[in-house]
Amino acid sequence: RLSQCRSHTISLWMFIAVGTVIRLAYLNRPAYLDESATFIDYAKLPFAEIASTYFDPNNHVFYSLLMHATYLSFGFDLWTLRLPALLAGITILPLTYLVARSLYDADIALLATGLAAVSAPLIEYSVSGRGYTLITAAFLMMLWLRTRTGGWRWPAVVMVSALGFYT
């Protein structure tokens with residue numbers, strides 16, 4: 001039983017590592033128009049202006065704020081503009097495991113994590129300077145929170161859903 005638990009844990013970490021390596025391999029692909037427009041039209045603005053500007057659905061407001069923060073912190077480079085999406089995309093992997101584990105069993109959770117690790121759309125969104133992985137991670141977090149108990153659950157659901165909608 002212990003060796004089965006250990007191999008399960010090792011497999012989980014291997015899926016997360018493989019998913020991370022795949023995402024990192026695509027991080028410096030050429031920029032798309034939408035992510036370039038996000039930086040040019042929004043992320044270069046001051047924080048207050050980004051937070052209050054929504055004249056076009058191309059602005060994933062929360063993502064634009066994060067892009068601005070990484071741009072100021074690490075300088076202008078394609079990877080810095082994509083860093084929030086990358087981190088959220090990697091976070092999707094353990095969140096997938098947690099959600100599937102809370103709804104099904106450990107084997108299904110492991111399979112779901114393995115599929116998420118190599119999912120082409122999830123990889124694409126993880127290396128694209130847009131808010132799609134943030135929204136996906138927020139959704140998975142809300143599904144996981146639904147299985148939790150305690151007084152902290154509802155404030156957490158409200159906070160996560162607000163950030164998801166603000167993205």
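Structure's up top.
First things first, this report covers the structure right here in the doc. (Residues numbered from 1 in each chain as written. Predicted model: local features only at pLDDT ≥ 70, side-chain atom pairs only at ≥ 80, totals over all residues. Heavy atoms only, no water.)

Brief notes about the packing of aromatic side chains
How two aromatic rings sit relative to each other is given by the distance of their centres and the angle of their planes.
In step 1: Across all of its chains, the model carries 5 aromatic pairs by this definition.
In step 2: Between Phe39 and Tyr71, the aromatic rings sit 5.0 Å apart at their centres with planes inclined by 80°, giving edge-to-face as the arrangement. Of this pair, Phe39 sits in helix 2 (residues 33–43) while Tyr71 is found in helix 4 (residues 61–74), placing the two residues 32 residues apart along the sequence.
In step 3: Look at Phe39 and you get buried, because its relative accessible area is 8%.
In step 4: Taking the relative accessible area as the measure of exposure, Tyr71 reaches 25% and is therefore partly exposed.
In step 5: Taken together through their ring pairs, the aromatic side chains of Phe39, Tyr71 and Phe76 make up a single cluster. (Phe/Tyr/Trp six-rings, centres within 6.5 Å; stacked < 30°, edge-to-face > 60°. Helix = DSSP H or I, 4+ residues; strand = E, 2+ residues; numbered from the N terminus. Buried < 20%, exposed > 50% of the residue type's maximum accessible area, 1.4 Å probe, protein only.)

Some details on the environment of Leu122
In step 1: Within the secondary structure layout, Leu122 lies in helix 7 (residues 120–126).
In step 2: The spacing of Leu122 and Thr136 is 14 residues in sequence and 9.2 Å in space, taken between C-alpha atoms.

Focus: the environment of Ile123
In step 1: With respect to the secondary-structure elements, Ile123 resides in helix 7.
In step 2: Its relative accessible area of 10% is what places Ile123 among the buried residues.
In step 3: Sequence-wise, Ile123 and Leu12 are 111 residues apart; in three dimensions their C-alpha atoms are separated by 18 Å.
In step 4: In this structure, Ile123 is in contact with Ile22, Arg23, Tyr26, Ala117 and Val118, ignoring residues within four places of it in sequence. (Contact = heavy atoms within 4.5 Å.)

Remarks on the pattern of salt bridges
In step 1: The tally for this structure, following the rule as stated, stands at 3 salt bridges.
In step 2: The partner of Arg82 in a salt bridge is Glu35, with the nearest N and O atoms 2.6 Å apart. Of this pair, Arg82 sits in helix 5 (residues 78–103) while Glu35 sits in helix 2; the two residues are 47 residues apart in sequence, bridging distant segments of the chain.
In step 3: A residue is classified by how much of its surface remains accessible, and Arg82, at 0% relative accessible area, is buried.
In step 4: The network of salt bridges with shared partners includes Arg29, Glu35, Arg82 and Glu124. (Salt bridge = Lys/Arg side-chain N within 4 Å of Asp/Glu carboxyl O.)

Regarding the packing of helix 8 (residues 132–145) against helix 9 (residues 153–166)
In step 1: Running from amino to carboxyl end, helix 8 crosses helix 9 at an angle of 165°, the nearest separation of the two axes being 9 Å. When the axis of helix 8 is compared with that of helix 9, the two are roughly antiparallel. Of the two possible hands of crossing, helix 8 and helix 9 adopt the one that is left-handed. Together, Ile135, Ala138, Met141, Met142 and Leu145 of helix 8 and Arg153, Ala156, Val157, Val160, Ser161 and Gly164 of helix 9 make up the contact between the two elements.
In step 2: Considered class by class, the residues forming the contact of helix 8 with helix 9 number 8 nonpolar, 2 polar and 1 charged. (Axes fitted to C-alpha atoms, helices over the stretch in contact; angles between N-to-C directions. Parallel < 35°, antiparallel > 145°, perpendicular 65-115°, else oblique. Left-handed = near helix turned anticlockwise from the far one by under 90°. Nonpolar A, V, L, I, M, F, W, Y, C, P; charged D, E, K, R; others polar.)

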